[in-house]
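# Survey of secondary and tertiary structure
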Amino acid sequence: MRLTRSHVDLPLRVGEEIALPEDVAAHLLRVLRLQVGDACVLFNGDGHDYDARITAVGKRDARASVLAARRVDNESPLRISLLQGIARGEKMDWILQKATELGVARILPACSERSEVRLDAQRAEKRLAHWRGILVSACEQSGRASLPEIVAPCELAQAAGLRAGPGFILDPEAGESLTSLRGAGLRECTLAIGPEGGWSPRDRERLLAAGYTGLRLGPRVLRTETAGIAAIAALQALCGDLG
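The text that follows walks through the structure, step by step, so that each part is easy to find.

Reading the values: rules and limits
All residue numbers refer to position in the chain's written sequence, counted from 1. Given that this is a predicted model, residues contribute local features only at a pLDDT of at least 70 and side-chain atom pairs are listed and counted only at 80 or more, while totals for whole chains, interfaces and linings are drawn from all residues. Where side-chain values are given, they derive from all heavy atoms of the structure, hydrogens and water being excluded. Only DSSP runs of H or I reaching four residues or more are called helices, and only runs of E reaching two or more are called strands; each is numbered from the N terminus. Remark: exposure states derive from per-residue accessible area (1.4 Å probe, protein chains only) relative to the maximum for the residue type, with buried under 20%, exposed over 50%, and partly exposed in between. Residue contacts follow a heavy-atom distance rule, with two residues in contact if any of their heavy atoms lie within 4.5 Å. Computed with the Shrake-Rupley method and a 1.4 Å probe, the accessible areas treat only the protein chains shown as cover for residues. Working convention for charge: Lys and Arg count positive, Asp and Glu count negative, and His plus the chain ends are omitted. Charged groups are reduced to one reference atom each: NZ for lysine, CZ for arginine, CG for aspartic acid, CD for glutamic acid. Any pair of N or O atoms that falls within 3.5 Å is considered a polar contact. Within protein, one atom must be able to donate a hydrogen and the other to accept it, and sequence-neighbouring residues count only if both atoms are side-chain atoms. Note on method: axes are straight lines fitted to C-alpha atoms, helices fitted across the in-contact stretch only, with angles between N-to-C directions ranging 0 to 180 degrees. It is the rotation of the near helix from the far one that decides the hand of a crossing: anticlockwise by less than a right angle makes it left-handed, clockwise makes it right-handed. Throughout, the ten residues Ala, Val, Leu, Ile, Met, Phe, Trp, Tyr, Cys and Pro are labelled nonpolar, Asp, Glu, Lys and Arg are labelled charged, and all others, Gly among them, are labelled polar. The salt bridge definition used is simple: a Lys or Arg side-chain nitrogen within 4 Å of an Asp or Glu carboxyl oxygen.

Turning our eyes to something else, we now look at the overall build of the chain. Looking only at helices and strands, the chain has six helices and 12 strands in total. Dimensions of the chain, computed from the C-alpha atoms along their principal axes, are close to 60 × 40 × 25 Å. Across the 243 residues of the chain, 46% fall into the buried class. Considering only contacts within the chain whose residues lie at least 6 apart along the sequence, 72% involve residues at least 24 apart. Of the roughly 12,000 Å² of accessible surface on the chain, 49% is carried by carbon and sulfur atoms. Between the averaged position of the 32 positive side-chain charges in the chain and that of its 31 negative side-chain charges there is a distance of 2 Å.

The following block contains the structure:
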């Protein structure tokens, strides 16, 4: 039986006993009904899964002994950064969840001229914590042991300057297509996906000035929650680990 993987933001070392975070303990004990002596799998984002066993339980807490470490080698050879114009509520959550499942390495949430979501410093901090929770849950489910990096929400010009590798803007009329990248030895790239209203002319100028170029993904205009996920899947099939 496959064991549920639980993320803990703690150092994990074989042979040591740790106090499980309260939310992890509650899930393992009250949802999964684990008891003293039962096995579980922990990870902290360092690229390993840690086999563990519950050693003590209380009303709100639990302890576990770390028994073994196993390197998890399921990261894509293609390192994709997703520059995502911030979308509303559940759309953004869905984008982050699916991008993580598909193996994205880094996420750059960006505020642009047509963004419908505006975040002050306090809201941005809360939203970032919420998004990190989405990434953790997606890693737990998908088997990833390395968490994607996610930067704090920032203005488009700043996010565009964080480009790694070639930068691409999806454009149905672009001369270069995804299939033209086949065999190009691409190992790193950044995809820039606009919010619900798309990129404004000034947004596109900022991206072009930062070195981004148009890339065609079929003849149709895709919604923000479709475009990035479709492009990531296609790039992973062409240059990454899908297929």
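As a further point, take the side chain of serine 200. Structurally, serine 200 can be placed in the loop between strand E11 (188-193) and helix H5 (201-209). At 2.9 Å, the side chain of serine 200 and the side chain of glutamate 113 are in polar contact. When near neighbours in sequence (up to four residues on either side) are disregarded, serine 200 contacts Glu113 and Arg114.

Packing of helix H2 (residues 89-101) against helix H3 (residues 121-142) leaves a shortest axis separation of 9 Å and a crossing angle of 40°. At the point where H2 passes H3, the crossing takes the right-handed sense. On H3, the residues touching Met92, Asp93, Leu96, Gln97, Thr100 and Glu101 of H2 are His130, Trp131, Ile134, Leu135, Ala138, Cys139, Gln141 and Ser142. Here the residues of the contact of H2 with H3 are counted per class, giving seven nonpolar, five polar and two charged.

In this section: helix H1 (residues 22-31). Residues Val24, Ala25, Ala26, Leu28 and Leu29 constitute the buried set of H1. On its buried face, H1 sits against strand E1 (5-7), strand E3 (39-43), strand E4 (48-57) and strand E5 (62-71). The first or second residue beyond H1 is arginine 33, which carries a positive phi of 60°.

Right, let's talk about the pattern of salt bridges for a bit. Using the criterion set out here, one finds 13 salt bridges in the structure. Across the pair arginine 144 and glutamate 75 runs a salt bridge whose closest N-O atoms are separated by 2.7 Å. Here the residue arginine 144 occupies a position in the loop between H3 and strand E8 (149-150), and glutamate 75 occupies one in the loop between E5 and strand E6 (79-85), the gap between them amounting to 69 residues. On the accessibility criterion, arginine 144 (5% relative accessible area) is buried. The exposure class assigned to glutamate 75 is partly exposed, which follows from its relative accessible area of 31%.

By themselves, these are just geometric observations and shouldn't be taken as functional.
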